[in-house]
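What follows is each chain in one-letter form.
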Amino acid sequence: NSRTITLLSQLEKINSDSVLGESDSARHVTSKILHLVQSQEKTRKEMTSKGSTGIEVILSTLEVKCFNFFGCGFIAVLLFIIMKCCGRRASVLVTKGGTQILLQLLLTASKDSPPNEELMVLLHTLLAKIGPKDKKIGVKARINGVLNISLNLVKHNLQNHRLVLPCLQVLRVYSTNSVNAVSLGKNGVVELMFKIIGPFSKRNTSLMKVALDTLAALLKSKTNARRAVDRGYVQALITIYVDWHRHDNRHRYMLIRKGVLQCIKSVTNIKLGRKAFLDANGMKILYNTSQECLAVRTLDPLVNTSSLIMRKCFPKNRLPLPTIKSAFHFQLPVIPASGPVAQLYNLPPDVDDVVDESDDNDDAETESEIETEIDDDKDQHYKNDDIETDINKLKPRQELGRSIEELKMYEQFFPELSENFQEWDLVSKEPKPFVPDANLSGPIVVPTASEE
């Protein structure tokens, strides 16, 4: 009969009452619970322990009393403290339907003009914390129609970093879903991210890091990657990386530099991105910066990511290579004066003579991204009937290199391999056939050297 249980019982009783005047009582009881959670470790453990109904009561209050933004603000603060103190209970909050309730509350709060900033910050902070625990949060957000709420908040509050940071964290969670990434890209999220990450500034590096992670997740969609290439953002990414490389002398912002490289890596997954990277002299820039990073072991992630990008974007050529790009030179015996071989030899050194057909199906890319979720669900129940399960059929057949007749000539060198066992007669000094003893019922045991 602790104080916390008594307050939760009062809150549960208020939830069952539909009188609007009870919202003040709910706010009063919630403020008391909030004070206990903030001041007592025992109360926090009691609220989040196994068998406790504290989370269920608070979620039901959020669902029933969502018309009162002030009361919901206190309850959202309480939820935030619970998640902060006991992050392992995030999965419990998801299983109890907390994601759906928070999204509904976000949709309701967004209809107020202007929206309650404090409530928006708390809701987005909570969604960012429980998002990684809920694999379907992207689908739930799209179904509830809240994708553009976070995006619009960022658009209209670029200078309010306290609000923008949790909104970007939620957008990063949304962008892991390919359909959401395409939908957000159509609404201008890619252009918005470049407004945040550039130009170079060491202020608000935490905001910069989250924006880069969000942009890297968005650019994994080929539709968004093509949009970034068309607007010349590949050159902007290379410029930003060079600026951070020059100014980060003490290597304190390695994660930001790696985030820029992750964006470049995502945009170079398409052919247009690789071409834009080469046109922007990105190969030389990444090579030179990687050479300068080799002396510092903590910068190995930058060197590895740069190497992956350069290997991906390096022009591909057929052998033999008569240019300086090859360490080996293969001389053909006869080269016709005209023909495909002569044309290859006459190409400039930096020309890619291998046709890249990786993006020939660009028109169908958007449709395939939209159907990704359906395909993923089907793959979980998919069984390939063509896989052979018979072990005897999978064993390779061993065939002798010679016939049995040819191998008989070696029989005298390996008598133990034949059935005609013989032993040596010490009296006549001649081999005699081996006759096993009929009284022996068990296997013949050969004595060891110690037993002899």
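Cut-off values and rules
Residues numbered from 1 in each chain as written. Predicted model: local features only at pLDDT ≥ 70, side-chain atom pairs only at ≥ 80, totals over all residues. Heavy atoms only, no water. Helix = DSSP H or I, 4+ residues; strand = E, 2+ residues; numbered from the N terminus. Buried < 20%, exposed > 50% of the residue type's maximum accessible area, 1.4 Å probe, protein only. Contact = heavy atoms within 4.5 Å. Areas by Shrake-Rupley, 256 points an atom, 1.4 Å probe, with all protein chains shown as cover. pLDDT = per-residue confidence, 0-100. Phe/Tyr/Trp six-rings, centres within 6.5 Å; stacked < 30°, edge-to-face > 60°. Polar contact = N/O pair within 3.5 Å; in protein donor to acceptor, adjacent residues only side chain to side chain. Salt bridge = Lys/Arg side-chain N within 4 Å of Asp/Glu carboxyl O. Expected span 1.5 Å × (residues − 1). Core = buried A, V, L, I, M, F, W, Y, C linked by side-chain atoms within 4.5 Å. Domains from an automatic or database assignment. Axes fitted to C-alpha atoms, helices over the stretch in contact; angles between N-to-C directions. Parallel < 35°, antiparallel > 145°, perpendicular 65-115°, else oblique. Left-handed = near helix turned anticlockwise from the far one by under 90°. Nonpolar A, V, L, I, M, F, W, Y, C, P; charged D, E, K, R; others polar.

A. The arrangement of the overall build of the protein chain in detail. Of regular secondary structure, the protein chain possesses 25 helices and 2 strands. With 452 residues in all, the protein chain has 38% of them scored as buried. Counting only contacts in the protein chain whose residues sit at least 6 apart along the sequence, the fraction spanning at least 24 positions is 71%. With an accessible surface of roughly 27,600 Å², the protein chain has 54% of that area assigned to carbon and sulfur atoms.

B. Structural detail: the confidence of the model for the protein chain. Scored by pLDDT, the protein chain has a mean of 77; 67% of the residues are at 70 or more. Predicted confidence is poor over residues 363-367, with pLDDT under 50, and the contacts of this stretch with residues over four places away or in other chains come to 5 contacts. Within the model, pLDDT remains below 50 along residues 438-442, and this stretch shows 0 contacts once partners closer than five positions in the same chain are excluded.

C. Expanded view of the packing of aromatic side chains. One pass over the structure, following the stated rule, counts 3 aromatic pairs. Relative to Tyr233, the ring of Phe194 has its centre 4.0 Å away and its plane inclined at 15°; by these criteria the two rings are stacked. With Phe194 in helix α13 (residues 189-197) and Tyr233 in helix α16 (residues 233-247), this residue pair connects regions lying 39 residues apart in the sequence. The same class applies to Phe194 as to Tyr233, namely buried. Taken together, the ring pairs connect Phe200, Trp244 and Tyr253 into an aromatic cluster.

D. Geometry of the side chain of Asp248. Note that Asp248 resides in the loop between α16 and α17 (254-267). The class of Asp248 is buried, set by a relative accessible area of 2%. One polar contact links Asp248 to Arg257, side chain to side chain, over a distance of 3.2 Å.

E. Local environment of unusual backbone geometry. Pro114 follows Ser113 through a cis peptide bond whose omega is -5°. Looking at where Pro114 falls in the secondary structure, it is placed in the loop between α7 (98-110) and α8 (117-130). The backbone of His251 sits at a positive phi, close to 60°, despite the residue not being glycine. Tracing the backbone shows His251 in the loop between α16 and α17. If you check the backbone angles, Asn281 has positive phi at about 60° while not being a glycine. Inspection of the secondary structure puts Asn281 in the loop between α18 (271-279) and α19 (282-293). Overall, the relative accessible area of 39% leaves Asn281 in the partly exposed class.

F. Expanded view of the pattern of salt bridges. Enumeration according to the criterion identifies 9 salt bridges in this entry. Between Arg162 and Glu117 there is a salt bridge; the shortest N-O distance is 3.7 Å. Of the two residues, Arg162 is situated in helix α11 (residues 161-174) and Glu117 in helix α8; the sequence distance between them amounts to 45 residues. Classification of Arg162 by relative accessible area gives partly exposed; the value is 44%. In this structure Glu117 comes out as partly exposed when scored by relative accessible area, which is 35%. A salt bridge links Arg162 to Glu118; the nearest nitrogen and oxygen atoms lie 2.8 Å apart.

G. Representation of α16 within the structure. Here α16 is 15 residues long and its end C-alpha atoms lie 21 Å apart, about the 21 Å a rise of 1.5 Å per residue gives. Where α16 is concerned, the buried positions are Tyr233, Val234, Leu237, Ile238, Ile240, Tyr241, Val242, Trp244 and His245.

H. Region of interest: the nonpolar core. By size, the foremost hydrophobic cluster in this structure holds 84 residues, and its most contacted members are Leu168, Tyr174, Met193, Ile197, Leu215 and Phe277. Split by domain, this core shows at least three residues from each of two domains, domain 1 (1-11 + 31-45 + 52-176) and domain 2 (178-316). Formed by 12 residues, the second largest nonpolar core is a distinct cluster that contains Leu11, Ile33, Leu36 and Ile58.

I. The arrangement of the environment of Val190 in detail. Looking at the secondary structure, you find Val190 in helix α13. A relative accessible area of 0% places Val190 in the buried class. Between the C-alpha atoms of Val190 and Leu215, which are 25 residues apart in sequence, the distance is 6.9 Å. Excluding its chain neighbours within four sequence positions, the residues that come into contact with Val190 are Leu215, Asn224, Ala228 and Tyr233.

J. A look at the side chain of Ser290. Relative to the helices and strands, Ser290 is located in helix α19. Here Leu286 takes part through its backbone oxygen, which lies 2.7 Å from a polar atom of the side chain of Ser290. Sequence-distant contacts of Ser290, that is, excluding residues within four places in its chain, are made with Val303, Ser306 and Met310.

K. Looking closely at the environment of Asp134. Summarising the element assignment, Asp134 is placed in the loop between α8 and α9 (137-144). The spatial distance from the C-alpha of Asp134 to the C-alpha of Leu93 is 9.7 Å, given a sequence separation of 41 residues. Dropping the residues within four chain positions of it, Asp134 is found in contact with Val94, Thr99 and Lys140. In this structure the side chain of Asp134 is engaged in a polar contact, spanning 3.2 Å, whose partner is the backbone nitrogen of Lys136.

L. Seen up close, the packing of α7 against α8. Where α7 contacts α8, the axes come no closer than 10 Å and their chain directions differ by 155°. It follows from the interaxial angle that α7 and α8 lie roughly antiparallel. Crossing handedness for the pair α7 and α8: left-handed. Residues Thr99, Leu102, Leu103, Leu105, Leu106, Ala109 and Ser110 of α7 form the contact with α8, whose participating residues are Leu119, Met120, Leu123, His124, Leu126, Leu127 and Ile130. Among the residues making up the contact of α7 with α8, the classes are represented as 11 nonpolar, 3 polar and no charged.

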